[in-house]
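Per-entry structural report
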Amino acid sequence: MRKRSLLAAALSLLVFPVPGDSQASSADSAEHTITGRVTDPQGLLIVDASVQLLAANRVLLREVRTDAEGRFRLAAVPAGSYELRIEARGFAVFQRLLVVPADTAQPLEISLRLTPVESQVTVTARPGALEEVLREPAAVRVRGADELARHEPAHLPRMLADEPGVLVQETSPGQGSPILRGQAAQTVLYLLDGIRFNNATYRSGNTQYLGWIPPAAVDSVEVFLGPAGTPYGSDALGGAINIISTNLPPWSETRPRWGGEVNTFFTSADLAAGSSLLGHVAGRNVALAWNGSYRRHQEMRAGGGFDSHSTLSRFLGLAPEQVRAVVGSRLPDTDYVHSGGSLKLGLRFRHDQFLTLTWLQSEEFGIRRFDRLLGGDGTLRSELAPQRLQFGYARYLKLGTRRLRSLAATFSFNRQTDGQISQRRETSPLQDERTRVTALGYSLALSWAPLRQHALSSGFEFYDEFVAAHRTDTSPTGTVQPARPRFPNGTRYQSVGLYLTDEWQALAERLLVESGVRFSAFRFRSRADKNVFIGGQPTVPDATETFTDLTFSAGLSYSLRPSLVAVGRVARGFRAPSVFDLGEQGLTGGGFEVSPRDAAGFNALVGDSAASQAVSTGQPWRALEPEVLWSFEGGLRWKTTRASGNVTVFDSEFFDSIQRRVVIVPAPVVGQTIGGQTITAQDAAGRIFVALDPRPVVSRANIGRVRIHGLEAQARMDWALQWSSTVKAALLRGRELDTGNFARRIPPAFLSASLRWSHPGGRLWLDGSVEISGAQTRLNPAELDDPRIGALRSESTITEFFNFTARRLGLIVNDRLTLTGESLDEILDRVLGPARQPAPLFTRTKGFAALSLRCGLVLSERNEILLAVTNLTDANFRRHGSGVDAPGAQLAVTYRLRFR
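Structural notes, computed from the coordinates.

A few points about the sheet that holds strand β1 (residues 31-39)
One open sheet accounts for 3 strands, arranged β4-β1-β7; its pairing is mixed. Here the strands that pair on one side only, and so sit at the sheet edges, are β4 (71-78) and β7 (108-111). Within this sheet the neighbouring strands show an average axis-to-axis angle of 30°, counted without direction. Where β1 meets β4, 6 bridges bridge the pair, whose relative direction is antiparallel. Across the sheet, residue H32 finds its bridge partner in β4, namely V77.

Thoughts on unusual backbone geometry
Here the amide bond leading from V100 into P101 is cis, since omega sits at 15°, within 30 degrees of zero. Mapped onto the elements, P101 comes out in the loop between β6 (94-100) and β7. Cis rather than trans, the peptide bond between A385 and P386 has omega equal to 0°. Within the secondary structure, P386 is located in the loop between β22 (381-383) and β23 (387-399). Notably, D193 is not glycine yet its phi reads approximately 55°, a positive angle. Structurally, D193 is set in the loop between β13 (188-192) and β14 (195-196). By relative accessible area, D193 is classed as buried at 1%.

Here's the deal with empty space enclosed by the protein
Applying the stated rule across the entire model yields 16 cavities of 30 Å³ or more. Size it by volume and the largest cavity reaches roughly 230 Å³. Residue lining of the largest cavity: 23 residues in total, with R196, S234, D235, Y493 and F522 positioned closest to the centre. Where the lining of the largest cavity is concerned, the elements lending two or more residues are β26 (454-474), β28 (492-507) and β29 (511-526).

Quick word on helix α11 (residues 824-832)
Restricting attention to buried positions, one finds in α11 the residues L824, I827, L828, V831 and L832. Viewed end-on, α11 has its buried residues packed into an arc of 100°, placing them on one side of the element. Looking at the buried side of α11, the elements it contacts are α5 (311-316), β47 (792-793), α10 (795-808), β49 (816-817) and β50 (839-840). Directly beyond the C-terminal end of α11, a positive phi value near 90° is found at G833.

A few points about the packing of α10 against α11
Orientation of α10 relative to α11, taken along the N-to-C sense of each, is 135°, at an axis distance of 11 Å. Relative to α11, the element α10 is oriented oblique. Considering how the two elements wind past one another, α10 and α11 form a crossing that is right-handed. Here E795, I798, T799 and F802 of α10 lie close against α11, whose contacting residues are L824, I827, L828, V831 and L832.

Digging into the sheet that holds strand β3 (residues 59-65)
Pairing in this open sheet of 4 strands is antiparallel, and the strands run β3-β2-β5-β6 from one edge to the other. Each of the sheet's edge strands pairs with one partner strand only, and the pair in question is β3 and β6. On average, each strand axis in the sheet is tilted by 25° relative to the strand beside it, whichever way the strands run. Sheet topology places strand β2 (residues 50-55) next to β3; 6 bridges connect them, and they run antiparallel. Note that in β3 the partner of L53 across the bridge is R62.

Points about the environment of G283
The topology assignment puts G283 in the loop between β18 (272-282) and β19 (286-297). Among the residues examined, G283 registers a relative accessible area of 16% and is labelled buried. Residues G283 and T254 lie 29 residues apart in sequence; the distance between their C-alpha atoms is 7.6 Å. When neighbours within four sequence positions are excluded, G283 is seen to be in contact with W251, S252 and P256.

Observations concerning the pattern of salt bridges
One pass over the structure, following the stated rule, counts 67 salt bridges. When the shortest N-O distance is used, the salt bridge between E633 and R181 registers 3.1 Å. Of this pair, E633 sits in strand β36 (residues 627-639) while R181 is found in the loop between β12 (177-180) and β13, placing the two residues 452 residues apart along the sequence. Taken as a pair, E633 and R181 share a single burial class, namely buried. Here R368 ties to D333 by a salt bridge, and the two come within 3.3 Å at their closest N and O atoms. You can see R368 sitting in the loop between β21 (353-365) and β22 and its partner D333 sitting in the loop between α6 (320-327) and β20 (336-350), a full 35 residues away along the chain. Relative accessible area serves as the criterion here: at 17%, R368 is assigned to the buried category. Owing to a relative accessible area of 24%, D333 belongs among the partly exposed residues under this scheme.

Procedures and definitions
- Residues numbered from 1 in each chain as written.
- Predicted model: local features only at pLDDT ≥ 70, side-chain atom pairs only at ≥ 80, totals over all residues.
- Heavy atoms only, no water.
- Pairing = 2+ DSSP bridges.
- Helix = DSSP H or I, 4+ residues; strand = E, 2+ residues; numbered from the N terminus.
- Axes fitted to C-alpha atoms, helices over the stretch in contact; angles between N-to-C directions.
- Buried < 20%, exposed > 50% of the residue type's maximum accessible area, 1.4 Å probe, protein only.
- 1 Å grid on protein atoms, 1.4 Å probe; cavity = no way out; pocket = protein on both sides within 12 Å on 5 of 7 lines; lining within 4 Å.
- Points joined across faces, edges and corners; volume = space filled by probe spheres on them.
- Arc of directions from axis to C-beta.
- Contact = heavy atoms within 4.5 Å.
- Parallel < 35°, antiparallel > 145°, perpendicular 65-115°, else oblique.
- Left-handed = near helix turned anticlockwise from the far one by under 90°.
- Salt bridge = Lys/Arg side-chain N within 4 Å of Asp/Glu carboxyl O.

This is the structure we're talking about:
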């Protein structure tokens, strides 16, 4: 009843906004004028600077140029919150939050800087709203396109690698899975222009999907740390990453204007080269922007010219020099190709009505799971093909109605095709599996100010996902037969959400209070008739599951003084059971799996594992519920004319992790039906069996608790007109409260520092930086097993590698390893010891220090070149959890040519 009443209240506010007093309504409905003057650090006027006014998600509303006196004027601006963006050649981009009409009383005095500053505006806290990073209660990182390009010219995930609280994991080159505060994959939400990018098949392990987005199509990236369930719904437990796509060009009030740029790059570590072409044209009410990019990466050279986790070291105990003698100094199977492009069309019906049509497409070729090949397990084939993204949306934006400050209606199309081709060895079947998920999205976002000092946002979202999946197994003799794919073909997953958030200026310029509530509902459905393969019997039952969730967040920021702000926040994030959790019903790779509702119907008890010898925990089975994360955080932020920074401490607890477990039934049930199959046997421990699989029946259960806490800090200082420095640091700790083990995916202690010099004319800048990571010795048992981290090896895995992969590589002659002359028994004794107990290759992720130098040179008004030498000492290291070592000493060159 409580959920229904809250939902009814939210709906009433969504549809019937509360009117304020007549004076407030009159002020909001009026249009206002923003004026100001732009100068350089010495107070000299800047002429012909671009002054832009943008709404949420970087929708360009107006652009003017400063006149001969450095002044600008933006007229007919409705009440609301906007981003003011000013650009001038030779100066850093200026960004500021403007609240209209509050900031229109006096002309603005703006001084541009030579050295870039951290962005001051964010849109991730509330959909369709903007807030200063300084005063936003949540921890937010914002990076613009130029800053992203300085860190990494080609791969979007790597561009975020040195942000506190963010650990970028790469299983293979071309992939990237940012881990936010110890949460990864399906517990981190990706957004593209504020639209959900995740789909319901995202797995619990690290994913590659952020790497699909071409950097050429990105204007900026916003990282929201901590639960973002209230504004964005399921999956945002660790946080959300919002990618803002390439901006439209400014409207031209006279004749059409066109322009663009060409970017080319080269990196030496992987002998990669690529280019992108960006173009745009704009008239009075129509604007068009497009881009296309292509890049080819060759096999990568890691630091020191060797792979620290090579199968030759893992299973044969070979030294780096011996490994190099076999496979060379570059990592095999790390080459790939990426191509992509985007098209964005903007229509302006009036000065307050806009329609944006966007299409983005990309594809990667040659991506392989390096950790399953010679970089980890030594299997014969493990390819990710095809890897294809098709994403588009249409968004209508209306500003400044009498009751509403803004209204945005969006329809989105998101199709992701993820294929895998795998074969363990020559005598194993070749498995070819493809999953295509098509998600249709419908959303409506409103913002208004019904009462003085309050700004409300509300919205409705509906996503409808369709899963098409198929798999074929080809035997060594060439026989092809269909098989059950990981996700049932024909699955449909629907989600709906209603949210309401409030920004209350409790004390003008002093105390800001943000709060919000969200109701979400989900429906999963699989069909037996879409999953009939060999023998005419369905491998998946007809199944329907529904879930609901009510979540909230609340935060405040208090200005101790104009330059110092204290912040605090409590939030609840959640992840609803998805197709990944529910789709593995019927005959799966883990055995015969039934729905949790089926298990609960037998009064079953949860097993202590998914292994065949699992025993009861005594915990009764219940229907699945969403995973939940509670987070508490607080900190200080400061910003003066010369210094800025922040310190944040947080404490989070993750409940009800969804895991596969054996079904234990105390009462005799042989002959009864579960999951559409007859129970054929039941052992003394209560484990039950069906004819389709010899292993016990399994299902999914909410079980497990994890606590993660930590500290994140960053500070910036402008020492002089041309000199600035930045320091960033993070320290996290985590434990599984139910087992006492260290938590997984916890990054080690991290510190980065940089020093930057800019030429007074803005044509040259130099940057030196160091990235330092401590060793991670607090490993979870699963991480010791993981080939990407501990790389466990046993007698059976060494024997299999010796008899198959090593022989295929020509390393075994007359049953002896040619490099050492040893037999299999001698290798086992040397690698594992006489007792031959399983042991990991590493018991920790080693620390590292990586030095880099970067510079940028503006050759002319249209030509610019960026140079970077990274990992100067050629250190061999990998970021915790990655499946591939970082590039060795590398030269990166980027050239940019602008036209018109």
